[in-house]
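Analysis of the macromolecular model
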Amino acid sequence: QVQLVESGGGLVQPGGSLRLSCAASGFTFSTYAMHWYRQAPGKERELVAAISGNGDSTNYADFVKGRFTISRDNAKKTVYLQMNGLKPEDTAVYYCSVYRANGRLWGQGTQVTVSS
C-alpha cells in the first residue's frame, strides 16, 4: 500500500522549533524527490521545500530560507522538515508529498500552530 504518514506537528511559541517527519511505504522511496507543502486557513496549498532522491539537492520557498531544513533518510524511508525560528504566519497544516507516474500522493497532514 502506497502511503505517506506525517508526524511531529503541535503548538509552539514564536521563535521555537519543531521537527516534522514523513514515513513512506509502498514505493521505492530513494528514487523519488520528496516535497513538503503547507496550507493555512483560507489560503492555497504552497510548496515549502523539496529534496532530491539521493538528498544531494534541496530547494526552499523564499519565506522559509534560512529557517527550515529538509532532509531524508532513505534507509528509514523517511523525510524530515526541521523548522526553526517559527513565526505565527507559519501556522498551517503541513503535508508530505511525492509525485509518481500515476499522480501526486499526499499524506494526511500534520497541524503546526505558532502562537504565544
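Before any of the text, the structure's been laid out above.
This structure is a prediction, so every number in the text was calculated from the model and none was measured.

**Observations regarding the pairing of strand β8 (residues 78-83)**
Of all six residues in β8, five are buried, a share of seventy percent or more. With six bridges connecting them, strand β3 (residues 18-25) and β8 associate as antiparallel partners. Residue pairing across strands places L18 opposite M83, the latter belonging to β8. Where strand β7 (residues 68-73) lies against β8, six bridges are found, and the strand directions are antiparallel. Bridge assignment links F68 to a residue of β8, and that residue is M83. Connecting β7 to the antiparallel partner β8 that follows it, the hairpin turn spans four residues, and K77 within it adopts a positive phi of roughly 55°.

**Description of the nonpolar core**
With 28 residues, the main nonpolar core has M34, W36, V79, L81, M83 and Y94 as its most contacted residues. The set of elements that each furnish at least two residues to this core consists of β3, β4 (34-39), β5 (46-51), β7, β8, β9 (92-100) and β11 (110-114).

**Here's the deal with the pattern of salt bridges**
Under the definition given, this model contains four salt bridges. Between R38 and D90 there is a salt bridge, with its nearest N and O atoms 2.9 Å apart. Of this pair, R38 sits in strand β4 while D90 sits in the loop between β8 and β9; the two residues are 52 residues apart in sequence, bridging distant segments of the chain. As far as burial versus exposure is concerned, R38 and D90 are alike and both buried. Between R67 and D90 there is a salt bridge, with its nearest N and O atoms 2.7 Å apart. Of this pair, R67 sits in the loop between β6 (58-60) and β7 while D90 sits in the loop between β8 and β9, and the two are 23 residues apart along the sequence. Of the two residues, R67 and D90, both sit in the buried class.

The rules we used
- Residues numbered from 1 in each chain as written.
- Predicted model: local features only at pLDDT ≥ 70, side-chain atom pairs only at ≥ 80, totals over all residues.
- Heavy atoms only, no water.
- Buried < 20%, exposed > 50% of the residue type's maximum accessible area, 1.4 Å probe, protein only.
- Helix = DSSP H or I, 4+ residues; strand = E, 2+ residues; numbered from the N terminus.
- Pairing = 2+ DSSP bridges.
- Core = buried A, V, L, I, M, F, W, Y, C linked by side-chain atoms within 4.5 Å.
- Salt bridge = Lys/Arg side-chain N within 4 Å of Asp/Glu carboxyl O.

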